[in-house]
Amino acid sequence: MGDAKQINRLLYFIYFLLVGDFLSCSARRIRKTCMDSEMEIFSRHGVKIEPFDKSHVEMHLLEPVIKHKNKFHLQMEFKTHKPNGVLFYGRSRKQAGELIAITLQGGNLFYKVQCPTLHADLLVPAYNMTRLDDGKWHTISYSVKYRPFSQYGVLQIDGYSNSKRYEVTCKRITSIVIGGHSPKDDPYTRSLQFVPGHFDGCIRNLRLPSALRSPPKYYAVSVCE
């Protein structure tokens, strides 16, 4: 059984490399094809991000139509044995130079803020300074409340928050990339290219604040075991 899974995973990956593009589900079949698939980032199955530049997941959010819906919240689970890589970054379609990112560096979580009033890379320690490259599932939760004069991001690791709030003056996130970076974003993500290595691990149970403009696009990912 294990050998069959390894073979399927290898075939998936070779196919994506040959095609050079992505696996995505059509809008009409998203519930049947994606939600029941073994390769679905919103489900308990998750996806395996491979240690190659092409491997990542892209998605674009609809902007909320309700004006008082002023909170962005992202949650996901990941596991890895590798110490470095981009877990996710988010941008606004309205402001190309702005960026929010969560990365792994040396097994620790870093919060990158690239906003008009702050450019910083901040270490966010886990409980008891636990390293997050131990091959176990970890949950990260990131939220921002958008207000006219003050916006703060809050980051939790496995339910633990160090009580710090980080100022965020970027526009609302509408574009998200998980597990790597998109070549289309190269002019705006140069700072992420200094993160050593590429994320190599599984991501599952992704939760987002609003509906997607289109189904997620999966680039060179495979089945998570």
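The structure under discussion appears in the preceding block.
This section reports on the structure supplied with the text.

About the cut-offs
Residues numbered from 1 in each chain as written. Predicted model: local features only at pLDDT ≥ 70, side-chain atom pairs only at ≥ 80, totals over all residues. Heavy atoms only, no water. Disulfide = S-S within 2.5 Å. Helix = DSSP H or I, 4+ residues; strand = E, 2+ residues; numbered from the N terminus. Buried < 20%, exposed > 50% of the residue type's maximum accessible area, 1.4 Å probe, protein only. Core = buried A, V, L, I, M, F, W, Y, C linked by side-chain atoms within 4.5 Å. Contact = heavy atoms within 4.5 Å. 1 Å grid on protein atoms, 1.4 Å probe; cavity = no way out; pocket = protein on both sides within 12 Å on 5 of 7 lines; lining within 4 Å. Points joined across faces, edges and corners; volume = space filled by probe spheres on them. Polar contact = N/O pair within 3.5 Å; in protein donor to acceptor, adjacent residues only side chain to side chain. Salt bridge = Lys/Arg side-chain N within 4 Å of Asp/Glu carboxyl O.

Details of the state of the cysteines
Each disulfide consists of one covalent bond between the sulfur atoms belonging to two cysteines.
Then comes step 1: The final tally for this structure, using the stated rule, is 1 disulfide.
Then comes step 2: Residue pairing for cysteine 202: its cysteine sulfur links by disulfide to cysteine 224, the two sulfurs lying 2.1 Å apart. Residues cysteine 202 and cysteine 224 share a disulfide whose torsion about the S-S bond is about 115°; that sign makes it right-handed. With a gap of 22 residues between them, cysteine 202 in strand S13 (residues 201-207) and cysteine 224 in the segment after strand S15 (221-223) connect regions that are remote in the sequence. An identical accessibility class is assigned to cysteine 202 and cysteine 224; each is buried.

Examining the nonpolar core
Then comes step 1: Ranked by size, the top nonpolar core spans 41 residues in total, and within it Ile41, Ile176 and Ile178 carry the most contacts.
Then comes step 2: Once residues lying within four places of it in the same chain are set aside, the contact partners of isoleucine 178 are Ile41, Ile49, His56, Val57, Met59, Met76, Leu87, Phe88, Ile203 and Leu206.
Then comes step 3: In terms of nonpolar packing, the next biggest core, distinct from the first, is built from 6 residues, Val86, Tyr89, Val177 and Leu192 among them.

Let's talk about empty space enclosed by the protein
Then comes step 1: For the structure shown, the criterion picks out 2 cavities of 30 Å³ or more.
Then comes step 2: In this structure, the second largest cavity encloses a volume near 30 Å³.
Then comes step 3: Taken together, Gly90, Arg91, Ser92, Glu98, Leu99, Ile100, Cys170, Lys171 and Ile173 form the lining of the second largest cavity.
Then comes step 4: For the lining of the second largest cavity, the secondary structure elements donating two or more residues are strand S5 (85-92) and strand S6 (95-105).

With respect to the side chain of lysine 112
Then comes step 1: Within the element layout of this structure, lysine 112 appears in strand S7 (residues 108-115).
Then comes step 2: Engagement of the side chain of lysine 112 in a polar contact is seen with the side chain of aspartate 121, the distance being 2.9 Å.
Then comes step 3: The residues contacting lysine 112, other than those within four sequence positions of it, are Leu99, Ile100, Ala101, Ala120, Asp121, Ser191 and Leu192.

Some points on the pattern of salt bridges
Then comes step 1: Applying the stated criterion across every chain, the model contains 7 salt bridges.
Then comes step 2: The salt bridge partner of lysine 48 is glutamate 50, with a shortest N-O separation of 3.5 Å. The exposure classification of lysine 48 matches that of glutamate 50, with both residues buried.
Then comes step 3: Notably, a salt bridge pairs arginine 131 with aspartate 133, separated by 2.7 Å at the nearest N-O pair.
Then comes step 4: Overall, arginine 131 belongs to the partly exposed group, its relative accessible area being 45%.
Then comes step 5: Overall, aspartate 133 belongs to the buried group, its relative accessible area being 12%.
Then comes step 6: A cluster of three or more residues bridged by salt bridges with shared partners is formed by Lys48, Glu50 and Asp200.

Overview of the side chain of glutamate 77
Then comes step 1: Considering the arrangement of structural elements, one finds glutamate 77 in strand S4 (residues 71-80).
Then comes step 2: Looking at glutamate 77, its side chain comes within polar contact range of the side chain of arginine 204, at 2.7 Å.
Then comes step 3: If we skip the residues at most four places from it in the chain, glutamate 77 touches Trp137, His138, Thr139, Cys202, Ile203, Arg204 and Asn205.

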